[in-house]
Structure formats: C-alpha cells, structure tokens
Amino acid sequence: MEGRASAGDGVDGDMENGSVGSFGPPSGDRRTGSNGEGETRNGRERIPSFFNLYRPPQRKPQEYQPLQTLLLAYQSLGIVYGDLGTSPLYVFSSIKISNPEKDDLLGILSLIFWTLTSIGLIKYVFIVLRADDNGEGGTFALYSFLCRHINFRSNLTIQNTRLESDANITNYYAKESRIKSKTKSFLEESSTAQNVLTCVVLLGTCMVIGDGALTPATSVLSALTGIQSLSPKITQGHVVIMAVVLLLVLFLFQRFGTSKVSITFSPIMLMWFGTNFLIGIYNIAKYEPTIFKGLSPHYIITFFSRNGRDGWTLLGAIFLCITGAEAMFADLGHFNKGAIQLAFSSFVYPALIVTYAGEAAYLTKHPNNIGNTFYSSIPRPVYWPMF
C-alpha cells in the first residue's frame with residue numbers, strides 16, 4: 001500500500017512538470033534527456049517525457065550569415081520581384097483620365113506611394129513575413145500552422161494528431177491569452193467555422209494561382225506594346241503573337257528550378273531597377289523637381305474632390321502598382337525572411353517610388369502621353385536597351 005501511495009505521489013508530481021513517472025524518485029531528482037526521455041541523476045532510469053512524446057514536430061529554422069542573406073536578397077530579385085518590378089510599365093497607362101492636370105498627377109502619385117507603403121512595406125515586410133510556418137510562406141503554410149495548433153475535426157480540414165484524451169490537458173500547449181483561448185475554442189467546437197476557413201484558404205490559393213497566370217501576360221503585353229510607337233506597320237496582332245511566344249519560353253524555362261531561374265533573371269532585374277531609378281531621377285530633374293511633394297496625403301483628398309466618382313473607379317488601375325507583392329510571402333520558402341525584407345526595403349521600394357515619380361514628372365509636361373507613359377518618358381538614347 002505504501003508503495004502504491006508513493007507511486008501515485010510520483011505521478012502527480014511529475015504531471016505538473018510535464019512528464020509521467022512511476023515508482024521512481026521525486027520529480028526534483030529527475031531530469032529530461034536530449035532524446036525526449038526522463039532519467040534519474042545516476043542514469044539508471046529512463047522514463048518517456050509526456051510533452052516530448054505528444055508535441056507536434058517542428059523544424060528548426062536555418063540560420064544565415066549576413067553575407068548569405070545578402071546573396072539571397074540579390075537572388076530574390078529575379079524570383080520574387082519580377083511582377084512587382086514591371087508594374088511601372090502599365091500603371092499610368094491603365095488610368096483612363098483625359099488631359100490630367102498637375103493636381104491630378106500629384107494625387108495619382110500620392111495614391112501609388114501610399115499603396116506601396118501600406119501594403120508592400122508595412123503589411124508584407126513588417127507584418128505578414130513574421131507569420132511564417134518554420135520558414136515557409138503562403139496560404140497553405142498558414143493553414144497548416146493552424147491545423148497543428150487547433151483540433152480540427154471537419155472532413156474538409158487537415159486532421160490534427162492530438163488524442164481525444166489530451167483535449168483537457170492544460171500543459172499540452174503554452175499558456176494563452178483569454179482572447180486566443182476563446183478563438184481557439186470557437187474554431188474547435190464549430191465545424192461550420194472550420195469548413196468556412198477551409199473554403200477561404202482554397203479561395204485565396206486559387207486567387208494566387210490566377211494572379212500568377214495573369215500578371216505575366218499583362219507585363220509581357222505592356223512591355224511589347226512599346227514597339228508599336230516605332231512603326232505604324234506593327235499592329236496589336238503582331239504584339240500578341242510575340243507575347244504568346246515569349247510567355248511560352250518563360251513558362252517552359254521555369255521547369256529548371258529556382259536556382260537556374262534566379263541566375264538568369266536576377267542580373268536582368270538588377271539592371272532593370274537600376275536603370276529605372278536613374279531614368280526617374282533624370283525625368284524629375286528635367287521636368288518637375290518638386291514632384292515629391294505629391295507624396296503628401298493632402299493630394300489624395302484633392303484628387304477625389306476634383307474627380308468625384310470617377311476618381312474612385314480609377315483605384316482599380318492604381319492598385320496595379322502592388323501587383324505581385326504576394327510573392328514576397330508565397331516565395332518565402334525559397335529564400336528567408338531577412339533576404340526578402342532587405343531586398344524590398346533597401347532596393348526595390350526606393351527604385352519603384354522614384355520610377356513612378358519620374359513618370360508623373362514627365363506627364364506634368366506631356367499629359368497627352370498618359371496612354372504610353374513608360375516608353376514615352378524614356379530618353380531616346382536608352383530606348384532600345386530598356387525595351
């Protein structure tokens with residue numbers, strides 16, 4: 001009887017520390033080994049740790065040296081920022097406004113700047129990239145992370161591996177706030193909420209796939225449209241045929257993997273951002289040195305007060321400036337968080353802002369060329385290299 005009582009005391013004491021014991025020394029005499037088993041100080045007894053047996057497996061995030069992160073940031077230019085970097089080709093051209101005045105252009109520039117800042121810089125760089133699943137990004141990575149921490153039971157969801165008998169064990173996870181606990185309980189108890197969440201995940205994934213198919217077509221068509229300004233014999237049909245051939249080559253090239261695509265396109269995107277930045281500086285200095293005052297939100301209010309309902313309909317075209325930003329999170333598994341944050345904050349973001357400012361500065365003197373803003377604003381000596 002005394003032996004059973006001491007055994008019960010050992011179990012109760014060890015449950016509080018997260019391990020199961022039987023007929024052993026008190027919990028203070030036991031330590032947990034690196035293999036997930038409890039052992040006594042003299043090494044005679046090994047008892048499985050409850051926490052280590054049942055906690056979900058997690059991959060340790062890989063650590064990168066500063067030089068490795070810098071190299072990954074360079075490689076991300078050709079993989080992550082291709083769509084976002086080519087958006088200056090078609091943003092101003094998609095804005096259907098006749099004879100825009102200077103205040104209109106300042107308002108458009110302000111909208112572009114704050115869209116890039118709020119979604120690209122604040123949302124993705126500072127918030128979304130922190131919600132990774134052990135270095136993996138994307139919609140399904142977040143969903144997989146939720147499924148490991150919430151006991152989903154719906155047939156449409158990924159089933160959790162937690163045992164039914166573990167549902168009420170408070171030490172299974174770390175202590176949570178009251179709001180997190182209520183949210184977790186609601187999701188675990190409502191199969192409808194679980195099904196809705198699964199449908200939202202599938203819808204978001206479908207939208208990313210659709211964006212990945214449509215954005216390259218838009219970028220390539222916009223890039224090739226510039227050739228029409230050189231000769232009236234080149235029709236839209238010729239541009240479409242060239243775009244189809246080029247898209248087939250690009251999509252077939254993707255089969256060689258991220259590394260080879262990055263080796264090919266990262267130098268191209270580096271030169272692309274660099275030359276766009278320099279052309280933007282040139283246009284600002286030549287046409288409107290005070291164009292950066294358009295970064296003030298005051299001009300957004302002025303833009304909507306001047307254009308009314310038409311101004312709101314133009315938001316769809318202005319929002320194209322953020323096309324491809326979702327790749328920063330979706331392609332996180334190919335690189336790392338620091339590399340993507342470094343590339344966007346220190347190189348891509350400033351280059352895009354200066355490029356759009358240069359286009360707006362050019363349009364202040366040539367408002368009738370808004371339909372072909374990008375190629376019209378390029379100085380003739382560098383037209384063909386940029387094309």
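Residues numbered from 1 in each chain as written. Predicted model: local features only at pLDDT ≥ 70, side-chain atom pairs only at ≥ 80, totals over all residues. Heavy atoms only, no water.

Visitor: Before we move on, can you summarise the overall build of the chain with the specific residues and values?
Guide: Along the backbone of the chain there are 18 helices and three strands. A burial count over the chain gives 41% of its 387 residues as buried. Long-range pairs, those at least 24 residues apart, make up 73% of the contacts in the chain between residues at least 6 apart in sequence. Roughly 21600 Å² of accessible area belongs to the chain as shown, and the carbon and sulfur atoms make up 62% of that amount. (Helix = DSSP H or I, 4+ residues; strand = E, 2+ residues; numbered from the N terminus. Buried < 20%, exposed > 50% of the residue type's maximum accessible area, 1.4 Å probe, protein only. Contact = heavy atoms within 4.5 Å. Areas by Shrake-Rupley, 256 points an atom, 1.4 Å probe, with all protein chains shown as cover.)

Visitor: Now, about the packing of helix 3 (residues 66-79) against helix 11 (residues 258-287): what can you tell me, with residues and values included?
Guide: At their nearest, the axes of helix 3 and helix 11 sit 6 Å apart, and the two run at 90 degrees to each other. Relative to helix 11, helix 3 is oriented roughly perpendicular. Side by side, helix 3 and helix 11 meet where Y74, Q75, L77, G78 and I79 of the first sit next to T258, V261, S262, F265, S266, P267, M269, L270 and F273 of the second. Looking at the contact of helix 3 with helix 11, its residues break down into nine nonpolar, five polar and no charged. (Axes fitted to C-alpha atoms, helices over the stretch in contact; angles between N-to-C directions. Parallel < 35°, antiparallel > 145°, perpendicular 65-115°, else oblique. Nonpolar A, V, L, I, M, F, W, Y, C, P; charged D, E, K, R; others polar.)

Visitor: With reference to specific residues and values, describe the pattern of salt bridges.
Guide: The full count for this structure, using the stated rule, is three salt bridges. Among the ionic pairs, E101 bridges to R306, the shortest N-O distance being 3.0 Å. Residue E101 is found in the loop between helix 5 (91-94) and helix 6 (102-127), and its partner R306 is found in helix 12 (residues 298-307); the two are separated by 205 residues along the sequence. Through salt bridges with shared partners, a single ionic network connects E101, D104 and R306. (Salt bridge = Lys/Arg side-chain N within 4 Å of Asp/Glu carboxyl O.)

Visitor: With reference to specific residues and values, describe the confidence of the model for the chain.
Guide: Confidence along the chain averages 79 in pLDDT terms, with 76% of residues attaining 70 or more. The model gives residues 1-41 a pLDDT under 50, and that stretch makes 62 contacts with residues more than four places away or in other chains. Between residues 165-174, whose pLDDT stays under 50, and residues either more than four places distant or in other chains, the model counts 16 contacts. (pLDDT = per-residue confidence, 0-100.)

Visitor: Quick rundown of the packing of aromatic side chains? Include the residues and the values.
Guide: Scanning the entire structure with this criterion turns up 13 aromatic pairs. Each ring, one from F140 and one from Y143, has its centre 6.3 Å from the other, and the planes form 80 degrees; the classification is edge-to-face. Placement of the pair is F140 and Y143 together in helix 7 (residues 139-149), with a separation of three residues, close to one helical turn. By relative accessible area, F140 is classed as partly exposed at 41%. Linked through ring pairs, Y81, F344 and Y349 together constitute an aromatic cluster. R255 extends its terminal NZ or CZ atom over the ring of F256, reaching a point 5.0 Å from the ring centre. (Phe/Tyr/Trp six-rings, centres within 6.5 Å; stacked < 30°, edge-to-face > 60°. Lys NZ or Arg CZ within 6 Å of the ring centre and 35° of its normal.)

Visitor: Talk me through the packing of helix 9 (residues 191-225) against helix 10 (residues 236-253); I want residue IDs and the actual numbers.
Guide: At a closest axis distance of 9 Å, the pairing of helix 9 and helix 10 adopts a crossing angle of 130 degrees. Taken together, the axes of helix 9 and helix 10 lie oblique to each other. Handedness of the crossing formed by helix 9 with helix 10: right-handed. Counted together, G212, P216, A217, V220, L221, L224 and T225 of helix 9 and V239, V240, M242, A243, L246, L247, L250 and F251 of helix 10 form the full contact between these two elements. Among the residues making up the contact of helix 9 with helix 10, the classes are represented as 13 nonpolar, two polar and no charged. (Left-handed = near helix turned anticlockwise from the far one by under 90°.)

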